[in-house]
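Take a look at the letters that make up each chain.
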Amino acid sequence: MSSSRTISSGRARIGWSDKVILSQRARQWAGSGTMAMTAKAAQERAKGRNVISLTVGEPDWDTSDSAKKAACDAIWAGMTKYQPSLGQLELRQAITERTNQELNLKTYAAENVAVSAGAKFALYGVLQAICDPGDVVVVPRPAWGSYGAMIEMAQAHPRYVVTSAQSRFLITPEALRASLQGGVKAILLNSPNNPTGTFFLREEWMSLASVLREFPNVLIICDDVYNRLVFDASGLAPHLLHIAPDLRARTILINAASKSLAMTGWRVGWAIGEPELIQALGRLQSQSVTCLPGFTQVAVMEAMREDHGVLKKRMRDEMLPSCERMRNGLAAMPGLGVLAPQGALFLWVDISKYLGRTHQGALIASSMDFAMRLLEDQAVAVIPGSEFGQDDHVRITYSVPEPVAQDAVSRIQKFLSGFQG
Ligand SMILES: Cc1ncc(COP(=O)(O)O)c(C=O)c1O
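Presented here is an overview of the structure given in this document. (Residues numbered from 1 in each chain as written. Predicted model: local features only at pLDDT ≥ 70, side-chain atom pairs only at ≥ 80, totals over all residues. Heavy atoms only, no water.)

1. Regarding the overall build of the protein
For step 1, the next point in the chain: The number of helices and strands found in the protein is 15 helices and 18 strands.
For step 2, the next point in the chain: For the protein, whose C-alpha radius of gyration is 22 Å, the value lies close to the compact-globule estimate of 22 Å for 421 residues.
For step 3, the next point in the chain: In terms of overall dimensions, the protein has C-alpha extents of about 65 × 60 × 55 Å along its principal axes.
For step 4, the next point in the chain: Within the protein, buried positions represent 53% of all 421 residues.
For step 5, the next point in the chain: Total accessible area on the protein is roughly 18500 Å²; 53% of this is exposed by carbon and sulfur atoms.
For step 6, the next point in the chain: Distance from the positive charge centre (43 side chains) to the negative charge centre (39 side chains) of the protein: 5 Å. (Helix = DSSP H or I, 4+ residues; strand = E, 2+ residues; numbered from the N terminus. Rg over C-alpha atoms; globule rule 2.2 N^0.38 Å. Buried < 20%, exposed > 50% of the residue type's maximum accessible area, 1.4 Å probe, protein only. Areas by Shrake-Rupley, 256 points an atom, 1.4 Å probe, with all protein chains shown as cover. Lys, Arg positive; Asp, Glu negative; His and termini not counted. Charge placed at Lys NZ, Arg CZ, Asp CG, Glu CD.)

2. Structural notes on the packing of aromatic side chains
For step 1, the next point in the chain: Summed over all chains, the structure comprises 12 aromatic pairs.
For step 2, the next point in the chain: Considering the side-chain rings of Trp144 and Tyr147, the 5.5 Å spacing of their centres and the 90° angle between planes classify their relative orientation as edge-to-face.
For step 3, the next point in the chain: By relative accessible area, Trp144 is classed as partly exposed at 22%.
For step 4, the next point in the chain: The structure contains a cluster of three or more aromatic residues connected by ring pairs, namely Tyr354, Phe370, Phe415 and Phe419.
For step 5, the next point in the chain: Positioned above the aromatic ring of Tyr160 is the side chain of Arg141, whose terminal nitrogen or guanidinium carbon lies 3.4 Å from the ring centre.
For step 6, the next point in the chain: Above the ring of Phe346, the side-chain terminus of Arg395 is found at 3.8 Å from the ring centroid. (Phe/Tyr/Trp six-rings, centres within 6.5 Å; stacked < 30°, edge-to-face > 60°. Lys NZ or Arg CZ within 6 Å of the ring centre and 35° of its normal.)

3. Digging into the environment of Arg213
For step 1, the next point in the chain: Structurally, Arg213 can be placed in helix α9 (residues 202-213).
For step 2, the next point in the chain: With a relative accessible area of 39%, Arg213 lands in the partly exposed category.

4. Points about the pairing of strand β4 (residues 113-116)
For step 1, the next point in the chain: Going residue by residue along β4, you find Val113 and Val115 tucked away on one face and Ala114 and Ser116 tucked away on the opposite face as well.
For step 2, the next point in the chain: Of the pairings in the sheet, the one linking β4 to strand β10 (residues 269-272) comprises 4 bridges and is antiparallel in character. Residue pairing across strands places Val113 opposite Ile272, the latter belonging to β10. (Pairing = 2+ DSSP bridges.)

5. Re the sheet that holds strand β9 (residues 251-256)
For step 1, the next point in the chain: Read from one edge to the other, the open sheet built from 7 strands follows the order β4-β10-β9-β8-β7-β5-β6, with strand pairing classed as mixed. Each edge of the open sheet is held by one strand with a lone partner, namely β4 and β6 (157-162). Each neighbouring strand pair of the sheet contributes to a mean axis angle of 20°, computed without reference to strand direction. (Axes fitted to C-alpha atoms, helices over the stretch in contact; angles between N-to-C directions.)

6. Digging into the pattern of salt bridges
For step 1, the next point in the chain: Under the criterion given, the structure shown has 19 salt bridges.
For step 2, the next point in the chain: A salt bridge links Arg305 to Glu302, with the nearest nitrogen and oxygen atoms 3.4 Å apart. Within this pair, Arg305 and its partner Glu302 are both found in helix α12 (residues 294-305), separated by 3 residues, close to a single helical turn.
For step 3, the next point in the chain: According to the relative accessible area criterion, Arg305 is exposed, its value standing at 61%. (Salt bridge = Lys/Arg side-chain N within 4 Å of Asp/Glu carboxyl O.)

7. So, the pairing of β6
For step 1, the next point in the chain: Sheet analysis places strand β5 (residues 136-141) next to β6, joined by 6 bridges and oriented parallel. Bridge pairing in β6 links Val136 to His157.

This is the structure in C-alpha cells:
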C-alpha cells in the first residue's frame, strides 16, 4: 500500500509516495496484528462501547512506590543529563548479581552487561550485532511476533520450527537437531514462552543441551523476560545455564525490568554476553539512541532491592487462581482447548473447531477473523494466533481484575453461541 503525502522542502512542496521515500527494506518491515487489534479496540471505545482488552503483555499491578520515588528523587537531584551508553555501572553490577544468583553462577561481571531500552532493543541490538545478511536464526513457534521482524531487520532469515500441543508447544530435541542443520547462526529460545506460558523443565533442558553441544558454532539467545513470572514454588523457571554452564560463552541472555518488576513503561532491559558483543552493543547504542535516562535506571536498581518473595507470593496466591479461574471458564465452553500455562501472563486457546464456520453470517476463516469478530460482537479484544505463527489459536491475557475476567468469559460464551455450522 502506498500513501501520498506532501513534505515541504524550502519553498517548494514535493508530492511523494512511500514508494519514493522509503528504502526497499523499510517497505518490508512487518507491522503487527497487535497494532491492528489495538486500533480496532480504540475505534470501538470511541463508539462508546465498554471494551475489555485481554491483549496486553504486562502485569496488572503497578511499579512499586519505592521505585517511583527513587526516580523522582533522582530527577530532583539533577540526574537529567546524558548517561553511559551501556548503562550506569551500578545497574550493570546489580544485574550481574541478580543473574549470577538466578543461574547459580559466579562468572558474570559488569563488562558482560549492556543496558538497553527494554528487552526489545537489547534483542534488536544483539541481532544487529551477530547477523550478517542471509544468516539463519532458528525460532521455535508459537513465538512472540517481534522475533521474526527483528531477524529480518538484521537482514537475516528466521527459520521457524512448528511445535505442537504434545510437547506443550516447546521444541523437542529431535526438532532442534533437525533445525540446526546447514550452518545456522543462532537459535532463539523463550522459556517461559509468550504466548503459551509453558517452560522447559530441567530434564528437558538437559536433552536440549546435549543437542546444542553437537552444534558448537550456534549462538544461543535465551529470552528470559518471564523467568520470574512462574507458578512454581521456586519462583524461577529452570534455565539452560543451570544445566549446562559449559554453554555459557555462546549463550546470550536477554531480560528486563518490564515484566518481573512491573516496569514495562520504564523501558529498561539488558543483554548479557561476552565482552566483545557488549562492546558492539555499546557502539550501536552510542551511535543511535545514545543512552537511557538515568532516573529510570535508578528506579530499576531500587526495584531490584525489593524482596523477591513478594512476587513469588503474588504469582502463587493471586496470578495462579486468576489464571485457573479464566482457564476453567474457557475450557468449559464447547470446542475451545486451553493449555495449562506454567507461568507468564497468557492463555493459549485453541479455536480450530470454530475456523471455517460462520458467525452471524460472517465466515471465520482465520484467527484474525475470530478476534475481529469477537471485538465487534462482544467488545472483547484478544490477540490472533497468527501473530505468533499459529493461526488456529488466540492469546488471551488472564492478568486482569477478577470482575473484568468474569465479564470477559461470559461475553466470549455469548460470542461462541453465535456460531453456525
Ligand atoms: C517474549 C518477549 N520478549 C521480550 C519482550 C519485550 O520486553 P520489553 O518490554 O522489556 O521490551 C516481550 C514483550 O511483550 C516479550 O513477550
